Amino acid sequence: MKSNLSVISWTRLLHDDWNVYIAATPQGLCYIGSPDKPFKELEEWVKAKFPGCELFQNDEGMQPYAAELADYFQGKRERFRFVMDYKGTDFQMAVWNALCQIPYGQTFTYSDIAHQIGKPAAVRAVGAAIGANPLLITVPCHRVIGKSGALTGYRGGLEMKTRLLQLERMNVSVRETKEYA
């Protein structure tokens, strides 16, 4: 294993029918790719966000991240314990931190997020910040919907957004049913 700070570790997470690339800096998970996309998506993202960094396949070192994501896909995990390393503008960070406050199985609108960060007129900018989120699933941008309740754009695609919301709603329903049984 290389320990150089200019190295980003990666692995391909294959779990049931989920197929995504994930990557981490020495500080934490920094990227979750769109499903079924080629490795080139990760390469281009690293080139843009971490110029000069080398990608290093590290299946063993990435196992803790992959295991928690697999637990999430199985409905066994609502929150992630691992450290995430995401960087953006101050505005993006405010939006991404607000996304992390959306409870599992619930949805907020873009307007809700704009109000939450104290920028109620910045709905479009909130959408742009959400679109730049490098950590699909763990920074849960899939939980943001349009004001009308419609599913709107998602870097991972609307099919992935739908699947994630259905997964969470199903698990919330199952837990509620067990609580009242």
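Residues numbered from 1 in each chain as written. Predicted model: local features only at pLDDT ≥ 70, side-chain atom pairs only at ≥ 80, totals over all residues. Heavy atoms only, no water.

All right, on to the UniProt feature "domain: Methylguanine DNA methyltransferase ribonuclease-like" (unreviewed entry) in the chain then. Per the UniProt record, "domain: Methylguanine DNA methyltransferase ribonuclease-like" (unreviewed entry) is annotated on residues 18–83. Along residues 18–83 the backbone is 33% helical and 26% strand, and the end-to-end C-alpha distance reaches 22 Å. (UniProt positions renumbered as here; feature names shortened; annotations may be inferred. Helix = DSSP H or I, 4+ residues; strand = E, 2+ residues; numbered from the N terminus.)

Applying the stated criterion across every chain, the model contains zero disulfides. A disulfide-free cysteine, C141 has its sulfur positioned 9.7 Å from the sulfur of C100, the nearest such atom. According to the relative accessible area criterion, C141 is buried, its value standing at 3%. (Disulfide = S-S within 2.5 Å. Buried < 20%, exposed > 50% of the residue type's maximum accessible area, 1.4 Å probe, protein only.)

This brings us to the packing of aromatic side chains. Tallied over the full model, the rule gives 12 aromatic pairs. Here the aromatic rings of W10 and F39 are separated by 4.5 Å at their centres, their planes lie at 50°, and the arrangement is tilted. Of this pair, W10 sits in strand β1 (residues 7–15) while F39 sits in helix α1 (residues 39–49), and the two are 29 residues apart along the sequence. The buried category is assigned to W10, whose relative accessible area is 12%. A ring pair is formed by Y72 and F80, whose centres lie 5.7 Å apart and whose planes are at 40°; its orientation type is tilted. Like F80, Y72 is buried. An aromatic cluster is defined as three or more aromatic residues linked by ring pairs; in this entry it consists of W18, Y65, Y72, F73, F80, F82 and Y104. Here the basic side chain of R163 rests over the ring of W18, its NZ or CZ set 3.8 Å away from the ring centre. (Phe/Tyr/Trp six-rings, centres within 6.5 Å; stacked < 30°, edge-to-face > 60°. Lys NZ or Arg CZ within 6 Å of the ring centre and 35° of its normal.)

This next bit is on the environment of R169. In this structure, R169 sits in helix α6 (residues 158–180). For R169, the contacting residues outside a window of four places in its chain are G105 and T107. (Contact = heavy atoms within 4.5 Å.)

Residues I22, I32, V95, L99 and I137 are the most contacted members of the largest nonpolar core, which totals 40 residues. At the level of secondary structure, the elements contributing two or more residues to this core comprise β2 (18–25), β3 (28–32), α2 (63–73), α3 (90–99), α4 (110–116), α5 (123–131) and α6. Take this core: its biggest share by element is five residues, from α2. The two domains that each donate at least three residues to this core are domain 1 (7–74) and domain 2 (90–168). Those residues in contact with I32 that lie beyond four places of it in its chain are V20, Y21, I22, L69, P134, L135, L136, I137, T138 and R155. I8, C30, Y31 and W45 belong to the second-largest nonpolar core, a separate cluster that totals nine residues. (Core = buried A, V, L, I, M, F, W, Y, C linked by side-chain atoms within 4.5 Å. Domains from an automatic or database assignment.)

Our next topic: the layout of surface pockets. In this approach a probe as big as a water molecule rolls over the atoms, and the regions it shows empty are the leftover space. Volume-wise, the largest pocket comes out at about 200 Å³. Taken together, E78, R79, F80, M84, C100, I102, P103, Y104, I137, T138, P140 and R143 make up the full set of residues lining the largest pocket. Residue classes in the lining of the largest pocket are distributed as eight nonpolar, one polar and three charged. (1 Å grid on protein atoms, 1.4 Å probe; cavity = no way out; pocket = protein on both sides within 12 Å on 5 of 7 lines; lining within 4 Å. Points joined across faces, edges and corners; volume = space filled by probe spheres on them. Nonpolar A, V, L, I, M, F, W, Y, C, P; charged D, E, K, R; others polar.)

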